Structures are given as C-alpha cells and as structure tokens.
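The residues making up each chain are set out below.
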Amino acid sequence: MPRRGATKLSESTAYPKKNLLIAGALLLPLLLLLLPGEQATDEAAADVTQPAVAMVEQALPVIIESKAPEPQLEVIPVPEWQDTQVRNGDNLSLIFQRMGLNDGDVYKVVNSSKEAGKLTQIFPGQTMSFLFENGEFLALKHVKSPLESVVYQRDGGHFNVEKLIREPEVQRTFAGAEIKSSLFLAGQEAGLSHSTIMELANIFGGVIDFVLDPRVGDTFNVLYEDLYLDGEKFEDGNILAVAFTNQDKLYTAYRYVDSNNKVGYYNPEGVSMRKAFLRAPLDFTRVSSNFNMRRLHPVLKHTRPHRGTDYAAPTGTPVYAAGDGRVVEAGYTSANGNYVFIQHGQQYTTKYLHLNKRAVKTNQKVTQQQVIGWVGSTGLASGPHLHYEFLVNGVHRNPRTILQKLPQAKSLDKKEMPRFLEHTSPLGTQLASLSQQRLASNNSVSDSATL
Ligand SMILES: [Zn+2]
C-alpha cells in the first residue's frame, strides 16, 4: 500500500518548494501595489529620476538592484544544435536533406575516415543533431542512446570523430508487497515498472505458475537497480535479489555473473532458476487479476476427457513456447482450431490449442518463452482460452504435477560456489533486512493512517 524506497525523498523536498510558492504569492501583490504597471519593466526601472521608482527603491532595494539597466551588447549569433529524429526508412541522404544539406556533405563526413564511415549505422528513434554557424555546417552529433553519442566535428576538410560515453548512476531500490489480487497489481502499487514485474515473473517462471498458483497473502520482496541520468530515472536496471512466498513456500533468487561472465539467476544453493519448462506458457499480466473467482468458476466445459490445463485469458494474450524445441505441427482443425505442437528433446511434447493466430510454422526451432501464437477461441472452445497439454513419451501428463518429476535444473559448478556465496550472501542479508523493515513500517504506517 505505501510506496517504499526512493519515493520518500521526493516527499520531504516538497515542503521547501511549497513555502517558496507561498512567499512568492504574498510578495507579488505587494510589488504590484508599489510598482505602477508600466514601470515594472527593465527600461522604466532604469529611469531612476522618476519619484515613484525612487520610493520603491527605498522600500525594496534588493529588487530594484536586480533590475539595474544592462549595457546593450552587440548581437552575436551563437551556433545552435538543430535536432532531427531518425525515421523509419530514413537514410543519411534524406536526413541531411531535411537539414538543408546535400549528398556532397554526406560524402564528406562519411569518407573523412574509417571511423566516420560508421555513421551509416543509424536506427529509427535515434537523434541526429547538426551544428551550424552562419549557415555553415560545423558538426554532427549522432545520439545513439541516452548513454552513447558520437560527434563528427569539422576540422578543415576533415571530420574528427569523438565518442561520448555516459555512465548512468545506479541506485539500489527496494520494493515489497503482499498480494491482494494479483502479482501485477501488487507490483504496480509497490512502484515497480511493468518490465520489472515481468522480469520478476520470468525469474520464477520455471517454479511458479503465475496464473494458477498465487494466493491472497503471498508476498514478494525485491532488490533492484534503477538507472539515473542527470538526476532522472531513465531506465530500469537489473533485479539483484528477489524473494517470493507462494502458499507459504519461499522462493529466493539471486542474480549472479559467473567467472565466465555468464549471467543467471540462482537459488541460494546455486541451482539455476531457469528450468526446462515454464510453469504457465502465457503472458500472465494479461490474465484477469481476480484469480480466486476464476478458479471457482467453471469457465470451460469439455465434451471429451480433459487432458490438459485451461488458462482463461483474453483473446490476443501472447502464448509462449514452454521450453526450447522444434515445432512439429502448426495448423488448423475444426476441433483444435489453430494449434501448435512442440517437440522438446526425445521425450517431451507440448500442445497449444484454440489459438487466435499462430506465430510459428512447422519445423521451426523455438526457444523458451518465444511467442508462438495468441490466445483465441478457434475450434471447439466455449470462450477465449489456452488449452495446454504436456506429453511424456507420447502419454498425456498433468503439467501441474509433472514438472516436479522433470530432470533437475543446472547447478553451479562446485568450484564456482565460494565465489557465488561471496557475491550473493550480502544481497541476501540486505534483502532480508529491508523485508523486515517493510513489515515494521507497514504496521506503523497503518497505525498513523487511522489518526
Ligand atoms: Zn481444455
């Protein structure tokens, strides 16, 4: 309910600003009373022989001082950057044309050095800034991202190339909440961005089915990074440590970069969080938040023995490949509607029925969490839902229970463990202490809220 972390800082700075505003509001009518309208301008204030102004000078010397006349300076044109956005289908020739330049100018920049030749690598959404002085083209700045720009500066007949790299300020942030209706809503209330909530769900995607598993009272606590530039957040950083309590079972994951520079999430024992199969092969954020209602409501009726799991979800919800594999069938029948079958290694097959649309073709290789289609109600379906089947050696198994019997996920090498523990135990300590603080302050906040 209350937001944690960085939000507190901005609350405390709001008061001085408010005071300034009040002071300003009080001063303004006073000034208007003292200064006859036309004399409120710089030129009039300069005419100090007028008695009205002299009177004001006595009353408010500081303000008059700041309005002293300034010597008229000769107007010198200052070179200014002019921006243009790279659009779809753009090329350098079109971009230069928009700025009143021609192909000859493009040629001069691009061919002035091997380094400058890289200017041809432009992408939609990037900014190109041109510097002119008296109509003469002086420099070009290619803003690739908020962190990386390249400046091409004219030096006689050449263009010098300079790369500008900015380092974002990384701020550690903590958020946590108890789930009342869905992980997604609880995450939003705790101040997490959509992408951080998705990342959190992805980390646990092999152990928790975020459509069917969550219960009221489940909790999450997450330690993550926010990236700041010039004091403003510009991007979500990585989740460093996260704990999720689902039906009183605690799952913890740490981000770890191993000695071969491979990034992964591991439980405290060093077992990878990445499993062979996702627990729920669809975008859970699109599924109704009212999970209790949905569980009790017999949304779907089957006329034949049911051999899979049904996920009621809006038409258009992305459906993921549950694991790496190959599409063995993608087609349409009057019963299945649009369907996709995926083979995973020798033993496992997953089936996805009633899709609105398919995104893959027969024989195509797919990776875990790749979108293979979208939820629909094609074929014999009473409403939009994903019918999901899991087969082991050609025999239907309940995907809700079979996953525990699957081969164990990879563990870190024994030699890697001391390094892993050295990196992750401080994260565990920090996460635990912040989680405790959250519980404590939640109690006090709810107490004070009743006053
Ligand atoms: Zn079904």
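Residues numbered from 1 in each chain as written. Predicted model: local features only at pLDDT ≥ 70, side-chain atom pairs only at ≥ 80, totals over all residues.

Engineer: With reference to specific residues and values, describe the sheet that holds strand β8 (residues 232–246).
Structural biologist: Taken together, five strands build an open sheet; the order of strands is β6-β7-β8-β9-β10 and the sheet is antiparallel. Two strands in the sheet have a free side with no partner beyond their single neighbour: β6 (169–178) and β10 (263–266). Sheet twist, expressed as the average angle between the axes of neighbouring strands with direction ignored, equals 25 degrees. In this sheet, strand β9 (residues 249–257) lies alongside β8 in antiparallel orientation, the contact comprising six bridges. (Pairing = 2+ DSSP bridges. Helix = DSSP H or I, 4+ residues; strand = E, 2+ residues; numbered from the N terminus. Axes fitted to C-alpha atoms, helices over the stretch in contact; angles between N-to-C directions.)

Engineer: Lay out the environment of Gln-369 with the relevant residues and their values.
Structural biologist: Along the chain, Gln-369 falls in the loop between β16 (365–366) and β17 (371–375). For Gln-369, a count of 17 C-beta atoms within 10 Å puts it in the partly exposed group. Residues Gln-369 and Leu-278, 91 residues apart in the sequence, show an inter-C-alpha distance of 7.8 Å. Excluding its chain neighbours within four sequence positions, the residues that come into contact with Gln-369 are Leu-278, Tyr-320 and Ala-321. (Buried ≥ 20, exposed ≤ 12 C-beta atoms within 10 Å, placed from the backbone. Contact = placed C-beta atoms within 7 Å.)

Engineer: Would you mind going over the sheet that holds strand β3 (residues 136–145) in detail, with residue names and values included?
Structural biologist: Pairing is antiparallel in the open sheet, where five strands are placed in the order β1-β2-β3-β4-β5. Whereas interior strands pair on both sides, the edge strands pair on one side only; in this sheet they are β1 (80–85) and β5 (158–165). If you compare each strand with its neighbour and ignore which way they point, the axes differ by 20 degrees on average.

Engineer: Would you mind going over helix α8 (residues 194–203) in detail, with residue names and values included?
Structural biologist: All buried positions along α8 are accounted for by Thr-196, Ile-197, Leu-200, Ala-201 and Ile-203. The arc that holds the buried residues of α8, viewed along the axis, is 160 degrees, so those residues lie on one side. For α8, the exposed residues lying more than 90 degrees away from the buried face are His-194 and Ser-195. At its buried positions, α8 is contacted by α7 (183–189), β7 (219–229), β8, β9 and β10. (Arc of directions from axis to C-beta.)

Engineer: I'd love a proper account of the pairing of β10, names of residues and values included.
Structural biologist: Here four bridges tie β9 to β10, and the two strands are oriented antiparallel to one another. By the bridge assignment, Tyr-256 is partnered in β10 with Gly-264. Hairpin connection from β9 to β10: five residues lie between these consecutive antiparallel strands, with Asn-261 at a positive phi of about 70 degrees.

Engineer: Explain the nonpolar core to me, and be specific about the residues and the numbers.
Structural biologist: Residues Val-242, Leu-282 and Val-319 are the most contacted members of the largest nonpolar core, which totals 61 residues. It is β8 that provides the largest number of residues to this core, a total of six residues. Viewed by domain, this core spans two of them, domain 2 (169–266) and domain 3 (284–405), each represented by three or more residues. Once you skip the residues sitting within four places of it in the chain, Leu-282 turns out to touch Tyr-311, Ala-313, Thr-317, Pro-318, Val-319, Tyr-320, Val-375 and Leu-386. Of all hydrophobic cores here, the second largest spans 11 residues; its members include Leu-92, Phe-96, Met-128 and Ala-139. (Core = buried A, V, L, I, M, F, W, Y, C linked by C-beta atoms within 7 Å. Domains from an automatic or database assignment.)

Engineer: Requested: an account of unusual backbone geometry, with residues and values cited.
Structural biologist: Non-glycine residue Asp-230 carries a positive phi angle of around 50 degrees. On the secondary structure map, Asp-230 appears in the loop between β7 and β8. For Asn-363, which is not glycine, the phi dihedral falls at a positive 80 degrees. Tracing the backbone shows Asn-363 in the loop between β15 (348–358) and β16. The class of Asn-363 is exposed, set by 10 C-beta atoms lying within 10 Å.

Engineer: Report on the confidence of the model for the chain, specifying residues and quantitative values.
Structural biologist: Here the chain averages 80 in pLDDT, and 76% of its residues register 70 or above. Mean pLDDT values for the elements of the chain range from 38 in helix α9 (residues 291–296) up to 98 in β16. Note that residues 289–299 has pLDDT below 50 and, in this model, 12 contacts with residues that lie over four places away or in other chains. (pLDDT = per-residue confidence, 0-100.)

Engineer: Break down the environment of Ile-342 for me, with residues and values.
Structural biologist: If you trace the backbone, Ile-342 turns up in strand β14 (residues 337–344). Note on Ile-342: 26 C-beta atoms within 10 Å, which makes it buried. Separated by 23 residues in sequence, Ile-342 and Lys-365 place their C-alpha atoms 9.0 Å apart. Sequence-distant contacts of Ile-342, defined by excluding residues within four places in its chain, comprise Ala-321, Gly-325, Arg-326, Val-327, Val-328, Thr-349, Thr-350 and Val-366.

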